[in-house]
Amino acid sequence: MKIGIFYFSATGNTADLAKVMKSTLESKHNIVEIRKFEEGWFKNYNDFDFFIFGSPKHYEYIPLFFLNWI
């Protein structure tokens with residue numbers, strides 16, 4: 001399977017989790033691409049089987065700009 005991980009990380013914690021998820025999924029013979037929110041969306045998004053979205057929780061909600069993007 002081809003999996004895309006798209007995340008926002010202000011402090012690096014979500015980035016670390018995304019990297020662990022990538023490593024774990026690749027160990028199960030998946031193809032994984034990882035992108036930061038700042039880098040923009042995947043140009044070849046039709047090539048993916050599914051996506052994982054990651055964002056930190058600020059107080060009670062995920063950051064508003066990420067929520068608006070979704």
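For the structure, see preceding data.
All values reported here derive from a predicted model rather than from experimental measurement.

A. Molecular detail of the overall build of the protein chain. Of the regular secondary structure elements, the protein chain holds two helices and three strands. Shown N-terminal to C-terminal, the secondary structure of the protein chain runs as helices and strands in the order β-α-β-β-α. The principal-axis extent of the C-alpha atoms belonging to the protein chain is close to 35 × 25 × 20 Å. Within the protein chain, buried positions represent 29% of all 70 residues. Excluding contacts between residues fewer than 6 apart, the proportion of contacts in the protein chain whose partners are at least 24 apart in sequence is 65%. Counting every atom, the protein chain has about 5,000 Å² of accessible surface; 57% of that belongs to carbon and sulfur. One way to put it: in the protein chain the 8 positive side-chain charges average out to a point 3 Å from where the 8 negative ones average out.

B. How the structure looks around the packing of aromatic side chains. By the definition in use, this model includes eleven aromatic pairs. Between Phe 42 and Phe 48 the ring centres are 4.8 Å apart and the planes differ by 55 degrees, which places this aromatic pair in the tilted class. An identical accessibility class is assigned to Phe 42 and Phe 48; each is buried. In this structure an aromatic cluster arises from ring pairing among Phe 6, Phe 37, Trp 41, Phe 42, Phe 48, Phe 51 and Phe 53. The lysine or arginine in question, Lys 2, covers the ring of Phe 48, its NZ or CZ lying 4.8 Å from the ring centre. A cation sits over an aromatic face here: Arg 35 above Phe 42, 5.8 Å from the ring centre.

C. Structural context of the pattern of salt bridges. Enumeration over the complete set of coordinates arrives at three salt bridges. Ionic pairing is found between Glu 33 and Lys 2, a salt bridge with its closest N-O pair at 3.4 Å. Note that Glu 33 is positioned in strand E2 (residues 31-36) and Lys 2 in strand E1 (residues 2-7), a separation of 31 residues in sequence. Residue Arg 35 pairs with Glu 39 through a salt bridge whose shortest N-O separation is 3.3 Å. Its relative accessible area of 45% is what places Glu 39 among the partly exposed residues.

D. Region of interest: unusual backbone geometry. Phi at His 29 takes a positive value of approximately 70 degrees, unusual for a residue other than glycine. Note on placement: His 29 falls in the loop between helix H1 (13-27) and E2. His 29 gets classed as exposed once you look at its relative accessible area, which sits at 72%.

Definitions and limits used
Residues numbered from 1 in each chain as written. Predicted model: local features only at pLDDT ≥ 70, side-chain atom pairs only at ≥ 80, totals over all residues. Heavy atoms only, no water. Helix = DSSP H or I, 4+ residues; strand = E, 2+ residues; numbered from the N terminus. Buried < 20%, exposed > 50% of the residue type's maximum accessible area, 1.4 Å probe, protein only. Contact = heavy atoms within 4.5 Å. Areas by Shrake-Rupley, 256 points an atom, 1.4 Å probe, with all protein chains shown as cover. Lys, Arg positive; Asp, Glu negative; His and termini not counted. Charge placed at Lys NZ, Arg CZ, Asp CG, Glu CD. Phe/Tyr/Trp six-rings, centres within 6.5 Å; stacked < 30°, edge-to-face > 60°. Lys NZ or Arg CZ within 6 Å of the ring centre and 35° of its normal. Salt bridge = Lys/Arg side-chain N within 4 Å of Asp/Glu carboxyl O.

Interpretation note: all reported values are geometric properties and have no functional meaning in isolation.
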